[in-house]
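Listed below, chain by chain, are the residues.
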Amino acid sequence: MLTIKSLNKTYSNGVQALQNVSLEVPNGLFGLLGPNGAGKSSLMRTIATLQEPDSGSIRFDQIDVIENKLALREQLGYLPQDFGVYPKVSAEELLNHFAILKGLSNKAERKEMVDGLLRQTNLWDARKRKLGTYSGGMRQRFGIAQALLGAPRLVIVDEPTAGLDPDERNRFLNLLAEIGEQVVVILSTHIVADVTDLCPRMAIIVQGEVLAQGEPQAAIDLLRNKVWRRRVSKAALPEYQKNFTVLSSRLVGGLPQINVHSESQPDEGFVQVEADLEDVYFLQIHSAQMTAKAANAASVV
Ligand code: ADP
């Protein structure tokens, strides 16, 4: 279990990247969902002991992560957002090299682990190929293979599905879910479907603050009977956006179809629809924007 309490971080340029962040992360795949700039990478890097928070605490089982970085690193597998590979080296060679750096000095044991990981990530047949010839999805699976060296109990993957095609994305997420059966896996993403499909628990982070956490279905249940949908003309859309809490708008047959959050039917053109995690997510983003707007208005006055 990973327990984060009241974590704060303000960068030297004044950006408050983490504001009083508290999270409970049990075994399994945990989705950290938030838009770009929400603070996901800042949080991931802090948990991975790559940067210090200004205040707050992080515990992983018995380890005080901030006090005892080395102990955490021994348990950690990390796939950063900008994971680069040497293009001229084969997957097998580079993984073996990383394994040596990880301290796996026994050759037979190392080979067993490297081979096992290449099979687990479905790269066995391509193990002799140079990494420069890999597709985006294969590179990310290689990234997971290197993160799993040394059998970590905490695995952190930062925005791993960005840029993957749907097939590769699915394969990658299934791999993460499989790993999550034994260890804590934190997946940061701005893609709602990454979380809906596979994460038993999640948190939504916006502007450095955790606005919701728990089971996705519990968050969805809170919106039951409160999401309404209709198609509107393009010309009328701004008026709806002004008058209602428009969660999302997508073109259907050339016309905007909007989802609105409302306790009662907004007007007779709306029908009630079943809420989903996108509605939850967009409502949180909308609320955060409204709060920020109100704060700005107050500071101008
Ligand atoms: P995310 O991963 O959700 O996109 P980040 O943690 O990368 O969010 O960024 C959160 C905020 O902190 C953003 O406004 C970003 O510009 C800012 N930020 C991130 N890293 C730094 C840094 N090293 N110095 C200053 N500002 C930073």
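The rules behind these values
- Residues numbered from 1 in each chain as written.
- Predicted model: local features only at pLDDT ≥ 70, side-chain atom pairs only at ≥ 80, totals over all residues.
- Heavy atoms only, no water.
- Helix = DSSP H or I, 4+ residues; strand = E, 2+ residues; numbered from the N terminus.
- Buried < 20%, exposed > 50% of the residue type's maximum accessible area, 1.4 Å probe, protein only.
- Contact = heavy atoms within 4.5 Å.
- Areas by Shrake-Rupley, 256 points an atom, 1.4 Å probe, with all protein chains shown as cover.
- Lys, Arg positive; Asp, Glu negative; His and termini not counted.
- Charge placed at Lys NZ, Arg CZ, Asp CG, Glu CD.
- Near = heavy atom within 4 Å.
- Polar contact = N/O pair within 3.5 Å; in protein donor to acceptor, adjacent residues only side chain to side chain.
- Pairing = 2+ DSSP bridges.
- Axes fitted to C-alpha atoms, helices over the stretch in contact; angles between N-to-C directions.
- Domains from an automatic or database assignment.
- Buried area = accessible area lost by both parts, 1.4 Å probe.
- Salt bridge = Lys/Arg side-chain N within 4 Å of Asp/Glu carboxyl O.
- Nonpolar A, V, L, I, M, F, W, Y, C, P; charged D, E, K, R; others polar.

Draft legend 1. Up close: the overall build of the chain. Check the secondary structure of the chain and you find 10 helices and 14 strands. Seen through its C-alpha atoms, the chain measures out along the principal axes to roughly 70 × 45 × 35 Å. For the chain, the residues scored as buried account for 48% of the 301 residues in total. For the chain, the proportion of contacts with a sequence separation of at least 24, taken over those separated by at least 6, is 67%. In the form shown here, the chain has an accessible surface area of approximately 15100 Å², with 49% of it arising from carbon and sulfur atoms. Looking at the chain, you have 32 positive and 34 negative side-chain charges, and the mean spots of the two groups are 5 Å apart.

Draft legend 2. A look at the site of the ligand. Contacts to the ligand come from 13 residues, most closely from Gly 37, Gly 39, Lys 40, Ser 41 and Ser 42. One nitrogen or oxygen atom from the main chain of Ala 38 is found 3.0 Å from an oxygen atom belonging to the ligand. With respect to the ligand, the backbone of Gly 39 contributes an N or O atom lying 3.0 Å from an oxygen atom. Contact with the protein chains covers 64% of the free accessible surface of the ligand, which is 560 Å².

Draft legend 3. Looking closely at the sheet that holds strand β10 (residues 209-214). On the basis of which strands lie adjacent, the open sheet formed by six strands has the order β6-β7-β8-β3-β9-β10 and mixed pairing. The strands lining the two open edges of the sheet, one partner per strand, are β6 (76-79) and β10. Sheet twist, expressed as the average angle between the axes of neighbouring strands with direction ignored, equals 15 degrees. With four bridges joining them, strand β3 (residues 28-33) and strand β9 (residues 201-206) adopt parallel strand pairing. Residue pairing for β9: Leu 32 is matched across the bridge by Ala 203. Running over the sheet, helix α5 (residues 136-147) touches β6 and β7 (154-158) and is turned about 160 degrees from β6.

Draft legend 4. Spatial organisation of the environment of Ile 58. Inspection of the secondary structure assignment puts Ile 58 in strand β4 (residues 55-60). The exposure class assigned to Ile 58 is buried, which follows from its relative accessible area of 0%. In sequence terms Ile 58 and Leu 237 are 179 residues apart; their C-alpha atoms lie 45 Å from each other. Aside from chain neighbours lying at most four places away, what touches Ile 58 is Leu 2, Thr 3, Ile 4, Leu 7, Thr 46, Ile 47, Ile 63, Asp 64, Val 65 and Ile 66.

Draft legend 5. Looking closely at the domain arrangement of the chain. Here the chain is described as being made up of domain 1 (2-214) and domain 2 (221-300). Tallying the contact residues gives 13 residues for domain 1 and eight residues for domain 2. Carbon and sulfur atoms supply 79% of the area that domain 1 and domain 2 bury against each other, a total of about 850 Å² over both sides. At the boundary of domain 1 and domain 2, one finds zero salt bridges. Scanning the region where domain 1 abuts domain 2 turns up zero residue pairs in polar contact (both at pLDDT 80 or more). Of all the secondary-structure elements, those providing two or more residues to the side of domain 1 that touches domain 2 are α7 (192-198), β9 and β10. Class assignment of the residues belonging to the side of domain 1 that touches domain 2 gives a composition of nine nonpolar, four polar and no charged.

Draft legend 6. Quick peek at the sheet that holds strand β11 (residues 227-231). In spatial order, the strands read β12-β13-β11-β14; together these four strands make up an open sheet with antiparallel pairing. Edge strands, defined here as strands with exactly one partner in the open sheet, are β12 (245-252) and β14 (271-272). With two bridges joining them, β11 and β14 adopt antiparallel strand pairing. Counterpart to Trp 228 in the pairing with β14 is Gln 272. Helix-sheet contacts for helix α10 (residues 277-300) involve β11, β12 and β13 (255-261), and the interaxial angle to β12 is about 125 degrees.

Draft legend 7. Representation of the pattern of salt bridges in the model. The final tally for this structure, using the stated rule, is 11 salt bridges. With a shortest N-O distance of 3.3 Å, Glu 159 and Lys 40 are connected by a salt bridge. Separated by 119 residues along the polypeptide, Glu 159 in the loop between β7 and α6 (166-179) and Lys 40 in helix α1 (residues 40-47) bring together distant segments of the chain. Neither residue differs from the other here; Glu 159 and Lys 40 are each classed as buried. Note that Arg 230 and Asp 267 form a salt bridge whose closest N and O atoms lie 3.1 Å from each other. One end of the pair, Arg 230, is in strand β11; the other, Asp 267, is in the loop between β13 and β14, with 37 residues separating them in the sequence. By relative accessible area, which is 23% here, Arg 230 ends up partly exposed. One salt-bridge network, held together by shared partners, links Glu 92, Arg 127 and Lys 128.

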